[in-house]
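Residue-level listing of the chains:
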Amino acid sequence: MAGIALAFTAVTRVLSCIQPTGEVHLGNYLGALRNWVIGQSAADAFHGIVDLHALTVTDTPGVIGNETLKLAAMLFAVGLDPEVATVFVQSHVPEHAQLGWVMECTVSYGELSRMTQFKDKTAKREGHFISAGLFTYPALQAADILLYDANEVPVGDDQRQHIEITRDIALRFNHRFGETFVVPTAVTPPAGARVMDLQDPTSKMSKSADSDAGCVYLTDAPEVISKKFKRAVTDSETEVRYDPETKPGVSNLLDILAGATGQAPAGLAERYTRYGDLKVATAEAVIDVIRPIQDRYNDLLTDQAELTRLLRIGADKARHVASATLQRTYDAIGMLPA
Ligand code: TRP
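Described in the following lines is the structure provided in the data block. If you're wondering where the values come from, they're calculated on a predicted model, not measured in any experiment.

1. Details of the site of the ligand
Stage number 1. Surrounding the ligand, one finds L15, C17, Q19, V50, H53, Y137, Q141, D144, I145, V153 and Q159.
Stage number 2. A distance of 3.3 Å separates an oxygen atom of the ligand from a polar side-chain atom of Q19.
Stage number 3. Between the ligand and the protein, one listed contact pairs a nitrogen atom with a side-chain N or O atom of Q159 at 3.0 Å.
Stage number 4. Isolated, the ligand exposes 370 Å² of accessible area, and the fraction of that covered by the protein chains is 87%.
Stage number 5. The set of elements that each furnish at least two residues to the shell around the ligand consists of β1 (13-18) and α8 (132-146).

Listed below in structure tokens is the structure:
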């Protein structure tokens, strides 16, 4: 009986996607990727590398494929298991572009015009080429989500509006053509470590910061990591104390050390009396965490046949789900069968 009941228990499907633009840094890892790895066995996890989304702002030949390959290697290196989670490249699953068009015809010009990310991005690109893809981006994102019948989409605040519009599109389509799509929910990802920029500990560590000095990449050599921590901004006091409000720099180091060792930041503070020692200990702990990831990353990048094989496993699993959804969509609309 228990076995039968289990067979009918729907596992929550969780989808998260990441654009292949730029290097993965410590904040991405301790804040998010590590949780993806932990979460892969708890839910039916789909992780897309959304290269088509990156096309909205890319026009240099040969860049995207390489960025995609590096990001894929990194996702496997941090511990995503292609036999457990579905890790795929968006352009390997043509249904994204196909359903994307249906989504464009289900969302209105007015709705797309109200997207704050579109307004922000176009403001930043003033005087540059603004593709129509930048405008219709949310329709492609809706396709990413609805293709997989995703129940939950873990996102930060900047992406909530995109999940809202996806829900609106799904409801509108279901209303027009009958129940077709699962209406997804935006969920707050499990709290990862908050990692701030080493040079400006009041802003999040980010690859878009003006200089690299405050950002530790997972591909940084150990000497580079040590140097970045040695130069981290602290304050003119000398006491090691966990107090993010008044001592953001020192507290950031303690948060990172805590994230890397699994201990509490306040307790760690008691072990150090000098900033210099804390910096050295934090750098060492980070290097210890990163070293095995780098080893796997380098192995994978030198064995592209293996990487291709792993991505094919993901693409096959993804297409299996996506092609059924696209067919269901066409059937619901009443397109002429091929
Ligand atoms: N727009 C997201 C970002 O910029 C990336 C993304 C594309 C995404 N498709 C998605 C995120 C589907 C979640 C689900 O970060």
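2. Focus on the side chain of T56
Stage number 1. Turning to its location among the elements, T56 is positioned in the loop between α3 (51-54) and α4 (63-78).
Stage number 2. We classify T56 as buried; its relative accessible area is 11%.
Stage number 3. Polar side-chain contacts of T56 include one of 2.7 Å to the backbone oxygen of H53.
Stage number 4. Contacts of T56, omitting those with residues within four sequence positions, involve S131, G133, L134 and Y137.

3. Structural notes on the pattern of salt bridges
Stage number 1. Applying the stated criterion across every chain yields a total of 16 salt bridges.
Stage number 2. Residues E111 and R172 are paired through a salt bridge, measuring 2.8 Å at the closest nitrogen-oxygen approach. One end of the pair, E111, is in helix α6 (residues 109-113); the other, R172, is in helix α9 (residues 160-177), with 61 residues separating them in the sequence.
Stage number 3. Take R172: its relative accessible area is 27%, and that puts it in the partly exposed class.
Stage number 4. Between D288 and R291 there is a salt bridge whose closest N-O contact spans 3.8 Å. Of the two residues, D288 and R291 both sit in helix α13 (residues 275-302), three residues apart, roughly one turn of that helix.

So, how was this worked out
- Residues numbered from 1 in each chain as written.
- Predicted model: local features only at pLDDT ≥ 70, side-chain atom pairs only at ≥ 80, totals over all residues.
- Heavy atoms only, no water.
- Near = heavy atom within 4 Å.
- Polar contact = N/O pair within 3.5 Å; in protein donor to acceptor, adjacent residues only side chain to side chain.
- Areas by Shrake-Rupley, 256 points an atom, 1.4 Å probe, with all protein chains shown as cover.
- Helix = DSSP H or I, 4+ residues; strand = E, 2+ residues; numbered from the N terminus.
- Buried < 20%, exposed > 50% of the residue type's maximum accessible area, 1.4 Å probe, protein only.
- Contact = heavy atoms within 4.5 Å.
- Salt bridge = Lys/Arg side-chain N within 4 Å of Asp/Glu carboxyl O.

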